[in-house]
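Report on the structure
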Amino acid sequence: MHPLFSRGAPLALYVLAWLVAGAIAAEILRLVVPQPATLALAYAVPLGLVYGFIVLSAWWVCRANPLANGRLGRAASSQLAAALQAAASWAAIGLAWGAALLRLHPIEGGRALLLREGLLLLLSGAPIYLLSAVVHYLVLAFAASREVERRLLESEVGAREAELRALRAQLNPHFLFNSLNSINALVGSDPEAARRMCERLGDFLRRTLALGARDDVALAEELELVERYLAIEQVRFGDRLRVERDVAADAAACRVPPLLLQPLVENAVKHGVAGRLDGGTVSLSAHRRGGSLVLAVENPVDPDAPGRPGAGLGLENVRRRLDAFGARAARLEAERGPEHFRVTLTLPAFESEAAGAAS
Amino acid sequence: MSAPRPLRALIVDDEAPARSLLREYLGAHPDVEVVGECANGFDAVKAAGELRADLVFLDVQMPKLDGFEVLELLDPQPAVVFCTAYDEFALRAFEVNAVDYLLKPFGRERLAEALARVHERLAAGAPVPAPSAAALAASARPPGRHLERLLVRDGANVHVVPLERLDYLEAQDDYVAIHAEGRSWLKHEPLAVIAAGLDPDRFVRIHRSYVVAVDRIARLELYAKDSRVAILADGRQLPVSRAGYARLRELM
């Protein structure tokens with residue numbers, strides 16, 4: 001359906017414009033060949049109106065032949081063919097209509113006049129159609145740019161939302177409550193340790209907020225945050241929590257979305273280490289493999305532990321952050337064995353550039 | 001009111017700082033004696049009986065057994081005060097007659113309040129009312145979800161039977177025999193209470209005395225008019241009542 005038909009006012013205006021054009025054409029016709037005004041009007045006005053609708057067909061031709069690079073030639077030939085077809089149909093309708101009018105109202109030299117008029121329709125029809133095509137291309141381009149703008153706005157809102165969600169998930173209230181409880185305990189037994197813990201917790205929170213506000217960070221910065229987190233959890237879990245790190249130097253410089261790794265490590269502690277009598281080792285690794293950065297977090301799990309309803313949510317958040325990062329090639333794989341859980345992230349490896357360093 | 005002997009308290013928490021905090025707080029209460037600390041649910045079940053604890057401070061999220069599972073296995077029931085960072089278990093805690101529910105981090109005053117409640121509960125004369133079996137069974141699983149495992153206490157030991165390994169349940173007087181992987185355990189609980197917690201898509205009550213894991217049934221055989229037997233993958237035969245057969249057909 002042509003967009004002109006979807007609303008009444010523009011359609012009425014369009015019809016009116018063609019009626020006026022038809023009337024003007026009738027006046028011009030009378031100057032060329034003297035004839036009664038009614039005859040000229042009866043000929044020109046309906047034909048103008050008919051062509052007004054015929055040239056709207058350019059809408060479909062334009063949509064089928066977008067002005068994309070490399071396809072301009074095809075679009076031009078399609079439009080030209082459509083223009084000739086439209087003009088020819090118009091001339092044919094003009095001849096038939098004129099002949100009918102002459103039969104009702106014969107005038108002298110009518111037949112010759114009819115042929116000249118037909119020729120005129122054929123010659124003027126094609127440029128009028130092409131003008132219509134140009135206008136339609138402009139309308140389509142305008143609509144497309146509005147659509148792009150809307151999408152841009154939407155993805156921006158989506159990215160902000162993902163960021164907020166991640167931040168909220170990040171500042172896991174239970175982690176805070178438990179840490180505060182540890183501080184509460186240390187105040188009595190070891191006030192110096194309580195102070196250190198307050199400092200670590202403050203540092204962790206500040207870093208989380210700072211990293212979360214950025215588009216991308218160096219993996220080294222994210223690992224820094226992970227270390228702060230682990231230092232706090234170490235106080236709670238003591239030697240039940242052990243950590244192995246295997247980070248290649250060239251991987252540490254890669255840019256990653258912020259708060260990507262930390263939630264995975266938190267999951268590993270919460271659902272893996274905390275659920276086992278003797279705790280376990282969280283293994284962290286980061287390597288470059290070809291053009292990819294491969295990050296992995298692995299933790300042992302208790303074989304008897306029931307399913308963990310909360311864990312899927314954390315993974316979902318990380319997956320979303322990966323999507324928001326815009327890397328098509330990025331993927332997350334979670335693998336649960338009988339005694340371990342491993343999450344592997346693969347994302348394109350690229351190092352700091354001007355845009356990243358500016359923030 | 002006299003204070004004849006101090007209450008024997010057991011602290012159960014997998015985090016050392018949380019245990020030391022409670023011990024420190026309780027040091028100011030001469031009416032409470034800390035008789036033990038446990039870092040996991042298995043030890044807690046064992047220690048509560050051996051140490052004859054009157055009062056247990058119980059964390060909810062712990063390795064192996066969570067706080068609710070520990071409570072389910074305690075016999076006799078001591079007074080229980082839950083201590084956790086999670087507020088979402090409070091409702092379940094009171095359904096199983098917990099005396100109080102302390103949210104971490106908590107202060108000395110809040111603990112004193114909890115102790116006052118414990119004294120009130122114990123001074124009422126009656127022993128701590130044991131929660132109903134149904135409430136306990138329901139507390140062992142989060143609301144809206146099915147049981148994932150059965151816990152059986154065997155003296156000081158606790159057996160965990162994940163439901164994936166369960167073949168069938170058999171009612172035996174006041175007990176339920178749990179059959180899994182060729183072994184069986186007895187659990188003191190009515191069959192109906194356990195059956196109510198099971199996933200109805202996986203387990204069917206085929207008879208007044210039997211609940212079976214549907215995927216363990218190899219075939220059904222007609223054995224007399226209106227009575228059938230279910231033959232399990234391991235060759236064992238279980239009776240199927242008419243109502244049980246109707247329930248099976250609905251599922252299969």
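Everything quoted here is computed from the prediction, not taken from an experiment.

Reading the values: the criteria
- Each chain has its residues counted from 1, running along the sequence as written.
- The naming scheme follows written order: chains are lettered A onward, ligands numbered 1 onward.
- Given that the model is predicted, a residue must reach a pLDDT of at least 70 before its local features are reported, and side-chain atom pairs must reach 80 or more before they are shown or counted; all residues, however, enter totals for whole chains, interfaces and linings.
- Secondary structure is summarised from DSSP: a helix means a run of H or I of at least four residues, a strand means a run of E of at least two, and numbering begins at the N terminus for each.
- Exposure classes come from backbone-placed C-beta atoms, where a residue is buried if 20 or more other C-beta atoms lie within 10 Å of its own, exposed if 12 or fewer do, and partly exposed in between.
- C-beta atoms are first placed from the backbone for all residues, and any pair lying within 7 Å is then listed as a contact.
- Between any two strands, pairing holds if DSSP finds at least two bridges.
- Axes here mean lines fitted to C-alpha atoms, for a helix over just the part in contact, with angles spanning 0 to 180 degrees between N-to-C directions.
- Three classes are used: nonpolar for Ala, Val, Leu, Ile, Met, Phe, Trp, Tyr, Cys and Pro, charged for Asp, Glu, Lys and Arg, and polar for all others, with Gly counted as polar.
- Take the number of residues in a helix, subtract one, and multiply by 1.5 Å to get its expected span.
- Linking buried Ala, Val, Leu, Ile, Met, Phe, Trp, Tyr and Cys residues through C-beta atoms within 7 Å yields a set, and such a set is a nonpolar core.
- Residue-level confidence of the predictor is summarised by pLDDT, bounded by 0 at the bottom and 100 at the top.
- In these notes the angle categories are as follows: under 35 degrees is roughly parallel, over 145 is roughly antiparallel, 65 to 115 is roughly perpendicular, and the rest is oblique.
- It is the rotation of the near helix from the far one that decides the hand of a crossing: anticlockwise by less than a right angle makes it left-handed, clockwise makes it right-handed.
- Seen with the strands pointing away from the viewer, any crossover whose path from the first strand over the helix to the second strand runs clockwise is right-handed.

**Considerations on the overall build of chain B**
- Per the secondary structure count, chain B includes eight helices and 15 strands.
- Within chain B, buried positions represent 41% of all 252 residues.
- Restricting the contact set of chain B to residue pairs at least 6 apart, pairs at least 24 apart contribute 54%.

**Observations regarding the sheet that holds strand S13 (residues 217-224) of chain B**
Residue and element names in this part refer to chain B.
- If you trace the three strands from one edge of the open sheet to the other, you get S13-S14-S15, paired in antiparallel fashion. Each end of this open sheet is capped by a strand with a single partner; those strands are S13 and strand S15 (237-240). Neighbour-to-neighbour, the strand axes of this sheet turn through a mean angle of 30 degrees, independent of strand direction.
- Pairing geometry for strand S14 (residues 227-232) and S15, over four bridges, is antiparallel. Across the sheet, residue Arg228 finds its bridge partner in S15, namely Val240.

**Quick word on unusual backbone geometry**
Residues and elements named next belong to chain B.
- Look at the link from Asp75 to Pro76: it is a cis peptide, with omega at 5 degrees.
- With respect to the helices, strands and loops of the structure, Pro76 is situated in the loop between helix H3 (67-73) and strand S4 (79-84).
- Cis rather than trans, the peptide bond between Lys104 and Pro105 has omega equal to -5 degrees.
- The residue Asn97 is not glycine, and still its phi comes out positive at about 65 degrees.
- Here Asn97 shows up in the loop between helix H4 (90-95) and strand S5 (100-103).
- Judged by the 18 C-beta atoms lying within 10 Å of it, Asn97 is partly exposed.
- Unlike most non-glycine residues, Glu181 shows phi in positive territory, near 50 degrees.

**Description of the interface of chain B and chain A**
- At the interface, 19 residues of chain B touch 23 residues of chain A.
- Of all the secondary structure elements, the ones that give two or more residues to the side of chain B that touches chain A are helix H1 (16-26) and strand S7 (157-162) of chain B.
- Looking at the side of chain B that touches chain A element by element, the count peaks at six residues for H1 of chain B.
- By residue class, the composition of the side of chain B that touches chain A is 10 nonpolar, two polar and seven charged.

**Some points on the sheet that holds strand S12 (residues 210-213) of chain B**
Residue and element names in this part refer to chain B.
- The sheet built from five strands is open, its strands ordered S10-S9-S8-S12-S11 with antiparallel pairing. Among the strands making up the open sheet, the edge pair consists of strand S10 (183-188) and strand S11 (203-207). For this sheet, the mean inter-axis angle between neighbouring strands, taken without regard to orientation, is 20 degrees.
- Summarising the sheet, S11 and S12 pair through four bridges and their orientation is antiparallel. When the sheet's bridge partners are listed, Val204 is paired in S12 with Val212.

**Observations concerning helix H5 (residues 108-123) of chain B**
- In this model, H5 of chain B (16 residues) spans 22 Å end to end at C-alpha, consistent with the 22 Å of a helix rising 1.5 Å per residue.
- The inward-facing, buried residues of H5 of chain B contact strand S1 (7-12), H1, strand S2 (32-38), strand S3 (55-58), S4 and S5 of chain B.

**Observations concerning the nonpolar core**
- One finds Val265 of chain A together with Ala9, Leu10 and Val212 of chain B to be the most contacted residues of the largest nonpolar core, which totals 111 residues.
- Residue contributions to this core peak at eight residues, all from helix H8 (residues 219-237) of chain A.
- If we skip the residues at most four places from it in the chain, Leu10 of chain B touches Val35, Gly36, Cys38, Ala44, Ala47, Ala48, Leu51, Ala53 and Val56 of chain B.
- Ranked by size, the runner-up nonpolar core spans 20 residues in total, among them Leu47, Cys62, Ala82 and Tyr129 of chain A.

**Notes on H1 of chain B**
- Three or more residues of H1 of chain B are buried, namely Pro17, Ala18, Arg19, Leu21, Leu22, Tyr25 and Leu26 of chain B.
- Buried positions along H1 of chain B lie against helix H6 (173-189) and H8 of chain A together with S1, S2, S3 and H5 of chain B.

**Describing the environment of Ser283 of chain A**
Residue and element names in this part refer to chain A.
- With respect to the helices and strands, Ser283 occurs in strand S4 (residues 280-289).
- Residue classification places Ser283 among the partly exposed residues on the basis of 18 C-beta atoms within 10 Å.
- C-alpha of Ser283 to C-alpha of Val265: the two residues are 18 residues apart in sequence and 9.0 Å apart in space.
- Ignoring any residue separated from it by four or fewer positions in sequence, one finds Ser283 in contact with Glu244 and Glu298.

**What about the confidence of the model for chain B?**
- Summing up the model confidence of chain B, the mean pLDDT is 88 and the portion of residues at 70 or higher is 90%.
- Scored as a complex, the prediction yields pTM 0.68 and ipTM 0.79.

**A word on the confidence of the model for chain A**
All names here are of chain A.
- Model confidence for chain A is summarised by a mean pLDDT of 86, while 92% of its residues fall at 70 or above.
- Of all secondary-structure elements in chain A, the lowest mean pLDDT belongs to helix H12 (residues 354-358), at 40, while strand S2 (residues 241-247) reaches the highest, 96.
- Below pLDDT 50 for its whole length, residues 354-359 participates in five contacts with residues either more than four positions away or in separate chains.

**Structural notes on the packing of helix H1 (residues 8-32) of chain A against helix H2 (residues 37-54) of chain A**
Residue and element names in this part refer to chain A.
- Running from N to C, H1 and H2 cross one another at 140 degrees; their axes reach a closest spacing of 7 Å. Classed by the angle they form, the pair H1 and H2 counts as oblique. Seen from above, H1 lies across H2 with right-handed handedness. Judged by residue contacts, Tyr14, Val15, Trp18, Leu19, Ala21, Gly22, Ala23, Ala25, Ala26, Leu29 and Arg30 of H1 engage Ala37, Ala40, Leu41, Tyr43, Ala44, Val45, Leu47, Gly48, Leu49 and Gly52 from H2.
- Tallied by class, the residues present in the contact of H1 with H2 amount to 17 nonpolar, three polar and one charged.

**Considerations on the pairing of S11 of chain B**
- Most of S11 of chain B sits out of view: five of its five residues are buried.
- Once S11 of chain B ends, the chain turns through two residues before running back antiparallel as S12 of chain B.

**Quick look at the packing of H6 of chain A against helix H7 (residues 191-212) of chain A**
All names here are of chain A.
- In the contact formed by H6 and H7, the axes pass within 7 Å of each other and the chain directions differ by 155 degrees. Considered as vectors, H6 and H7 are oriented roughly antiparallel to each other. The handedness of the crossing between H6 and H7 comes out as left-handed. Counted together, Ser179, Ser182, Ile183, Leu186 and Val187 of H6 and Pro191, Ala193, Ala194, Met197, Cys198 and Leu201 of H7 form the full contact between these two elements.
- When its residues are assigned to classes, the contact of H6 with H7 shows nine nonpolar, two polar and no charged.

**Describing the pairing of S5 of chain B**
All names here are of chain B.
- Strand direction decides the pairing type here: S4 and S5, joined by four bridges, are parallel. For Phe82, the partnering residue across the bridge sits in S5 and is Tyr101.
- A crossover connection joins S4 to the parallel S5 through H4; in handedness this β-α-β unit is right-handed.

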